[in-house]
Amino acid sequence: MSENKIKYITYQLFPSKRANTLQTIKNIKYFTKKTDVELIFPDRRQGSKEKQIDLELINDFYDEELNIAITATNHSGSFSRSYYNKLPKVLKQITYLNNHIKWSKEISKKNVHKEDNIFTRSIFILYFCINKCNRIIYECHQLTKLTKFLLKRLEQKETTYDLIFINENLESILIDLGLNKDRIHCLPSGYDEEVFKNDNKEVLRKKRGLSDNNIVYIFAGNLELVGAHRPLDKVLIEYLNLQKNKKIQNSKLYIFCEPIEKRKELVQILDQYGNNENVFINEYVSHTEIIKWMMASDIGLNPLPDNFFSNNFASTLKIVEYLRANLLLLGSNVFANSRFKQEGYEVLLFNNNENTNISDKLLEAYSFIRSGRKVENSSAVSQYSLQSRSNKILNIFYN
């Protein structure tokens, strides 16, 4: 291993279809182009019969060819998902928090050394490891009261670390809290350029049974977002009404989503409308295949809950992937989407609570593509590439 090796320490669940774990794997992929990486995380699965988490399992699940060290530690707080999901919300939060803190403290004692360079998404890894390593970077995706408290406490101790935030709102909040602005770096989520290399849209559409005349809407991702749900159900209903009234003929809607409970709810809506033959609701497939579907489509859907998270903290991977796939972005009128409209990308926004507005925007997006107008989103989105992002992080570590 090189002396510049990075230990990526995280409390995330692997392998998982969640976007946050995909982002971690993608970030590591680009780190490894310039340095060695060890991924350290707890095996939070319940039961000894499951296959040991190793590099082969990670690469197979995420369709990658990583060459990294994997350390999946034993975790005394592991539990069955069925048991955990039955707990009341407050107990879930307490259980998760307690296990997270306990694991982070153990890792700081057993797996961290003075010469280590650490990258983490865990505030507790930052807190327990900060004086035990060479350098540490904490990537923050949301600010809880506890996160703010711990960051302010670390600031009072005059400790050395760097903070990465994913949008300007997070950055300004931390500066207002009194944190040293020199340690704060704003780096939005990034896309993996390498999965977009085979981008012949005509070929991709033909392989998926799509004609040149089809106008294709797509949604791909998790329907749950930080304790809330995406209002894709409302979008689906309005799409089906437009189909019923023959206002968006020759269009198709492809949905690739998790979790299964939410997917079943969408299928029930579809059944109520007579199982429309132009709507396809599928489980989430591999990331590589999802990107191919994006590049074969015309309109990327990004419904988001209109809440504090979406209007302040969100910087979703899905958005920059839609833009790189050169899709017209159609999403909820929240900061996570509207910021890209302000930057000059082709974006249409709807209000979640106005069904007529959702319908109008679906129709406007259809008319935009049907008119032959060109979407020019992919040409300007390179600033959001993971190559650019990882280079900036490595510069923080080693400069």
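Since the structure is predicted, the reported quantities are computational estimates derived from the model, not experimental observations.

Peer 1: Break down the overall build of the protein chain for me, with residues and values.
Peer 2: In terms of regular secondary structure, the protein chain is built from 16 helices and 15 strands. On C-alpha atoms alone, the protein chain measures out to a radius of gyration of 22 Å, which is about the 21 Å that the 2.2 N^0.38 rule sets for 399 residues. Based on the C-alpha atoms only, the size of the protein chain along its principal axes is roughly 65 × 45 × 40 Å. Per-residue burial over the protein chain gives 54% buried out of 399 residues. When contacts within the protein chain are restricted to residue pairs at least 6 apart in sequence, long-range pairs at least 24 apart make up 71% of them. Surface exposure of the protein chain reaches about 18700 Å², of which carbon and sulfur atoms provide 45%. Here the protein chain contributes 57 positive and 47 negative side-chain charges, whose respective centroids are spaced 4 Å apart.

Peer 1: If you had to explain the pattern of salt bridges to someone new, which residues and values would you point to?
Peer 2: Overall, the coordinates contain 19 salt bridges when judged by the stated rule. Here Arg 135 makes a salt bridge to Asp 162, at a shortest N to O gap of 2.9 Å. Of the two residues, Arg 135 is situated in strand β5 (residues 135-140) and Asp 162 in strand β6 (residues 162-165); the sequence distance between them amounts to 27 residues. One salt bridge connects Glu 258 with Arg 263, and the closest N-O pair in it is separated by 3.4 Å. For the pair formed by Glu 258 and Arg 263, the shared burial category is buried. Within the structure, one salt-bridge network assembled from shared partners comprises Lys 26, Lys 29, Lys 33, Glu 64, Asp 192 and Glu 194.

Peer 1: Could you give an account of unusual backbone geometry, with specific residues and numbers?
Peer 2: Glycine aside, residues mostly have negative phi angles, and peptide bonds mostly take the trans form. Note the cis peptide between Phe 14 and Pro 15, where omega equals -15 degrees. Mapped onto the elements, Pro 15 comes out in the loop between β1 (6-9) and α1 (19-31). Positive phi outside glycine occurs at Asp 63, with the angle close to 55 degrees. Mapping Asp 63 onto the fold places it in the loop between α2 (55-62) and β3 (69-73). With relative accessibility at 44%, the residue Asp 63 sits in the partly exposed group. Of note in the backbone geometry, Asn 250 takes a positive phi value of approximately 65 degrees without being a glycine. Among the secondary structure elements, Asn 250 is positioned in the loop between α9 (232-244) and β11 (251-258). Given a relative accessible area of 43%, Asn 250 falls into the partly exposed group.

Peer 1: Tell me about α2, residues and numbers included.
Peer 2: All buried positions along α2 are accounted for by Leu 57, Ile 58, Asn 59 and Tyr 62. Backbone geometry just downstream of α2 places Asp 63 in the positive-phi region, at approximately 55 degrees.

Peer 1: An account of the packing of aromatic side chains is needed here, citing residue identities and associated values.
Peer 2: All chains considered together, the criterion is met by 16 aromatic pairs. Judged by centre distance (6.5 Å) and plane angle (70 degrees), the ring pair of Phe 14 and Tyr 62 falls under edge-to-face. Taken together, the residues span a long stretch of sequence, with Phe 14 in the loop between β1 and α1 and Tyr 62 in helix α2 at a distance of 48 residues. Like Tyr 62, Phe 14 is buried. For the pair Phe 256 and Trp 293, a centre-to-centre distance of 5.5 Å together with 50 degrees between the ring planes defines the contact as tilted. Remark: Trp 293 occurs in helix α11 (residues 287-296) and Phe 256 occurs in strand β11; sequence separation between them is 37 residues. As far as burial versus exposure is concerned, Phe 256 and Trp 293 are alike and both buried. Note that Arg 183 overlies the ring of Tyr 161, its terminal NZ or CZ placed 4.1 Å from the centroid. The ring of Phe 340 is capped by Arg 339, whose NZ or CZ atom sits 5.4 Å from the centre of that ring.

Cut-offs and rules
Residues numbered from 1 in each chain as written. Predicted model: local features only at pLDDT ≥ 70, side-chain atom pairs only at ≥ 80, totals over all residues. Heavy atoms only, no water. Helix = DSSP H or I, 4+ residues; strand = E, 2+ residues; numbered from the N terminus. Rg over C-alpha atoms; globule rule 2.2 N^0.38 Å. Buried < 20%, exposed > 50% of the residue type's maximum accessible area, 1.4 Å probe, protein only. Contact = heavy atoms within 4.5 Å. Areas by Shrake-Rupley, 256 points an atom, 1.4 Å probe, with all protein chains shown as cover. Lys, Arg positive; Asp, Glu negative; His and termini not counted. Charge placed at Lys NZ, Arg CZ, Asp CG, Glu CD. Salt bridge = Lys/Arg side-chain N within 4 Å of Asp/Glu carboxyl O. Phe/Tyr/Trp six-rings, centres within 6.5 Å; stacked < 30°, edge-to-face > 60°. Lys NZ or Arg CZ within 6 Å of the ring centre and 35° of its normal.

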